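The chain contents come next:
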Amino acid sequence: MISRIDLRGGALPEGGDLRDLLPRAEFDVEAALETVRPICEDVRHRGSAAVIEWGEKFDGVRIDSIRVPASAIAEALERLDPAVRAALEESIRRARLVHHEQRRTTHTTQVVPGGTVTEKWVPVQRVGLYVPGGRSVYPSSVVMNVVPAQEAGVEGVAVASPPQKEFRGLPHPTILAACALLGVDEVYAAGGAQAIAMFAYGTAECLPVNLVTGPGNIYVAAAKRLLKGRIGIDAEAGPTEIAILADSTADAVHIAADLISQAEHDPMAAAVLVTDSEELAAATEAELKPQVAASKHITDRIEPALAGRQSAIVLVNDLEDGLKVVDAYAAEHLEIQTADAAAVADRVRNAGAIFVGPWAPVSLGDYCAGSNHVLPTGGCACHSSGLSVQSFLRGIHIVDYTRDALAEVAHHVVTLAEAEDLPAHGAAIKARFAEGELDELSGRKVPQQ
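Residues numbered from 1 in each chain as written. Predicted model: local features only at pLDDT ≥ 70, side-chain atom pairs only at ≥ 80, totals over all residues. Heavy atoms only, no water.

### So, the overall build of the protein
For the protein, the count of helices and strands is 18 helices and 14 strands. With respect to the three principal axes, the spread of C-alpha positions in the protein is 85 × 65 × 40 Å. Across the 449 residues of the protein, 51% fall into the buried class. In the protein, once contacts between residues fewer than 6 apart in sequence are set aside, the share between residues at least 24 apart is 74%. (Helix = DSSP H or I, 4+ residues; strand = E, 2+ residues; numbered from the N terminus. Buried < 20%, exposed > 50% of the residue type's maximum accessible area, 1.4 Å probe, protein only. Contact = heavy atoms within 4.5 Å.)

Here you go:
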């Protein structure tokens, strides 16, 4: 059901050689670019009509307008199961607690008397948040994208989710209800690359945005790559991943359940156990069989995910090697189920999010931990972060110098400008002072043109 990779018996290779030994899903965004390019160009030139036609082709339903009526959003909330509503409200409450604390404040540094640099943080004006349809329904992704945008102070928040044939071409009603709970009334029935192009270029119904965030399939990722520059993006999200670093103290029942929890997302989902315990590896393999059999999405998702090249049990010599492996893997979700798990987690450098000990499974983070579940995949956690309030903010430096403060450093500016063969840079400094004045103020000879 799941393969083994045995890295015991010698020193681990370094860098890329170690990464190449580890399981990883194939996710060729570059190959998908040529598929999404004509879609994006069509939306650029024909706007909403193109979005509607591509939606009919891919989602199997024809709609009259891509904008979801406010009445449909309100009705979805009215009809929402009270238990689901309560769960979403708690998820929103906890996410707000965490993301509110992330908001940055303006800070001014006095470099010299009369010379300051202030860094202020300004939210992007308008964002497009993508919520997948497809195999599952993801109201939690509405929460994880909207809450940090709102806490950052973004003025315009638009949500796009694919039209659903069974709901008369509207996005899934639970998606709409989540938007209602968050106060988002600008929602579009648009999916795939055409939704990203709609956000990038705008249509008669949807104004263009500055930034697009949210997970999606390979075509959504390819459209993000194609349109990056015209819009900002959070990441090119690939198939979901879980890695678990565990020793002999871990419970195989928990390990198996957590591996399956991510495998049920998609047949390309990755489930990786890294352990120095042969006994735990064997117990986990044994435990997977009955738990998979008792699951729902067995043949279409869980079994192919666990059996795929992207999933494995990785055996290592000891915990030190285990840490090297998980850092090389740089998982989207990393669980630490070892003795003194908090201390081990503190030593991890590369992960989208870390879940410490047996009582913090990835599922908690997916919904109600307060953390964000939009995280870097495909090894990108070695250089990228998950979605947060910072994702929606831009830092702007404000430089404020008096005449005396500029004069004091002018000779350095002029010298560096001359060293870079950019004399006009220096001339822009000297033009502000009378001839010879800078020599007197700085106490040294200022280069002349």
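Next, the rest of the story.
### Looking at the layout of surface pockets
Gaps left between atoms show up when a probe the size of a water molecule is rolled over them. The computed volume of the second largest pocket comes to approximately 320 Å³. Taken together, 25 residues form the lining of the second largest pocket, with Glu236, Gly238, Thr377, Gly378 and Cys380 sitting closest to its centre. For the lining of the second largest pocket, the per-class residue count stands at 13 nonpolar, 6 polar and 6 charged. (1 Å grid on protein atoms, 1.4 Å probe; cavity = no way out; pocket = protein on both sides within 12 Å on 5 of 7 lines; lining within 4 Å. Points joined across faces, edges and corners; volume = space filled by probe spheres on them. Nonpolar A, V, L, I, M, F, W, Y, C, P; charged D, E, K, R; others polar.)

### Description of the state of the cysteines
Counted under the stated rule, the structure contains 0 disulfides. Free cysteine Cys382: the closest other cysteine sulfur is in Cys380, separated by 6.8 Å. (Disulfide = S-S within 2.5 Å.)

### As for the pattern of salt bridges
Close approach of charged atoms lets side chains of opposite charge pair. For the coordinates displayed, the defined rule picks out 23 salt bridges. A salt bridge links Glu34 to Arg37; its shortest N-O distance comes to 3.1 Å. Taken together, the residues span about one helical turn, with Glu34 and Arg37 both in helix H2 (residues 29–46) at a distance of 3 residues. Judged by relative accessible area, Glu34 falls into the exposed class, the value being 51%. Across the salt bridge formed by Arg347 and Glu320, the nearest N and O atoms sit 2.8 Å from each other. Of this pair, Arg347 sits in the loop between helix H14 (341–346) and strand S13 (353–356) while Glu320 sits in helix H13 (residues 319–329), and the two are 27 residues apart along the sequence. (Salt bridge = Lys/Arg side-chain N within 4 Å of Asp/Glu carboxyl O.)

### A look at helix H5 (residues 82–100)
Under the 1.5 Å per step criterion, the end-to-end length of H5 is 26 Å for 19 residues, consistent within 8% with the ideal 27 Å. Those residues of H5 not exposed but buried are Leu88, Ser91, Ile92, Ala95 and His99. Down the axis of H5, the sector holding all buried residues measures 100 degrees, keeping them to one side. Summarising the geometry of H5, the exposed residues directed more than 90 degrees from the buried face are Pro82, Ala83 and Leu97. The opening residue of H5 is Asp81, an N-cap whose side-chain oxygen sits 2.7 Å from the backbone nitrogen of Ala83. (Expected span 1.5 Å × (residues − 1). Arc of directions from axis to C-beta. Polar contact = N/O pair within 3.5 Å; in protein donor to acceptor, adjacent residues only side chain to side chain.)

### Observations concerning the packing of H2 against helix H8 (residues 192–201)
It is the contact of H2 with H8, at a shortest axis distance of 9 Å, that shows an interaxial angle of 40 degrees. Comparing their axes, H8 and H2 come out oblique. Handedness of the crossing formed by H2 with H8: right-handed. Of H8, the residues touching H2 (which contributes Val36, Ile39, Cys40, Glu41, Val43 and Arg44) are Ala193, Gln194, Ala197, Met198 and Tyr201. (Axes fitted to C-alpha atoms, helices over the stretch in contact; angles between N-to-C directions. Parallel < 35°, antiparallel > 145°, perpendicular 65-115°, else oblique. Left-handed = near helix turned anticlockwise from the far one by under 90°.)

### Some words on the sheet that holds strand S3 (residues 115–123)
What the 3 strands build is an open sheet, ordered S2-S3-S14; its pairing is antiparallel. The sheet is open, and its two edges are formed by strand S2 (107–112) and strand S14 (393–401), each paired on a single side. On average, each strand axis in the sheet is inclined to that of its neighbour by 20 degrees, with strand direction left out of account. Pairing analysis gives 5 bridges linking S2 to S3, with the strands arranged antiparallel. Note that in S3 the partner of Thr109 across the bridge is Val117. This element, helix H16 (residues 403–419), spans S2, S3 and S14 of the sheet and lies at about 90 degrees to S14. (Pairing = 2+ DSSP bridges.)

### A look at the UniProt feature "active site" (unreviewed entry) in the protein
The UniProt feature table records "active site" (unreviewed entry) at Glu332 and His333. Looking at where Glu332 falls in the secondary structure, it is placed in the loop between H13 and strand S12 (333–337). Note on Glu332: relative accessible area 6%, which makes it buried. Setting aside residues no more than four positions away along its own chain, Glu332 makes contact with Pro239, Thr240, Glu241, Gly352, Ala353, His373, Leu375, Pro376 and Thr377. Polar contacts involving the side chain of Glu332 include one to the main-chain amide nitrogen of Glu241, which spans 2.8 Å. By the secondary structure assignment, His333 is in strand S12. Relative accessible area serves as the criterion here: at 3%, His333 is assigned to the buried category. Beyond its immediate stretch of four places on either side in the chain, His333 contacts Thr240, Glu241, Ile242, Ala243, Gln262, Ala353, Phe355, Val362, Asp366 and Leu375. (UniProt positions renumbered as here; feature names shortened; annotations may be inferred.)

### A few points about the UniProt feature "binding site: NAD(+)" (unreviewed entry) in the protein
The sites that carry the UniProt feature "binding site: NAD(+)" (unreviewed entry) are, in the present numbering, Tyr130, Gln194 and Asn217. Look at the named residues: they lie 88 residues apart in sequence, but the longest C-alpha span between them is just 12.5 Å, so in the fold they bunch up. From the list above, the largest cavity is lined by Gln194. With relative accessibility at 2%, the residue Gln194 sits in the buried group. Filtering out sequence-adjacent residues up to four positions away, Gln194 remains in contact with Ile39, Val43, Val51, Trp54, Gly55, Phe58 and Asp59.

### With respect to the pairing of strand S4 (residues 126–130)
Of all 5 residues in S4, 5 are buried; the element is thus mostly enclosed. Every second residue of S4 is oriented toward a common face, with Arg126, Gly128 and Tyr130 on one face and Val127 and Leu129 on the other, all of them buried. Pairing of S4 with strand S5 (residues 156–161), which is carried by 5 bridges, proceeds in the parallel orientation. When the sheet's bridge partners are listed, Arg126 is paired in S5 with Gly156. Between the parallel pair S4 and S5, the chain is carried across by helix H6 (residues 139–152), and the sense of this crossover is right-handed. Relative to strand S7 (residues 211–213), S4 is paired through 3 bridges, and the arrangement is parallel. (Right-handed = clockwise from strand over helix to strand, strands pointing away.)

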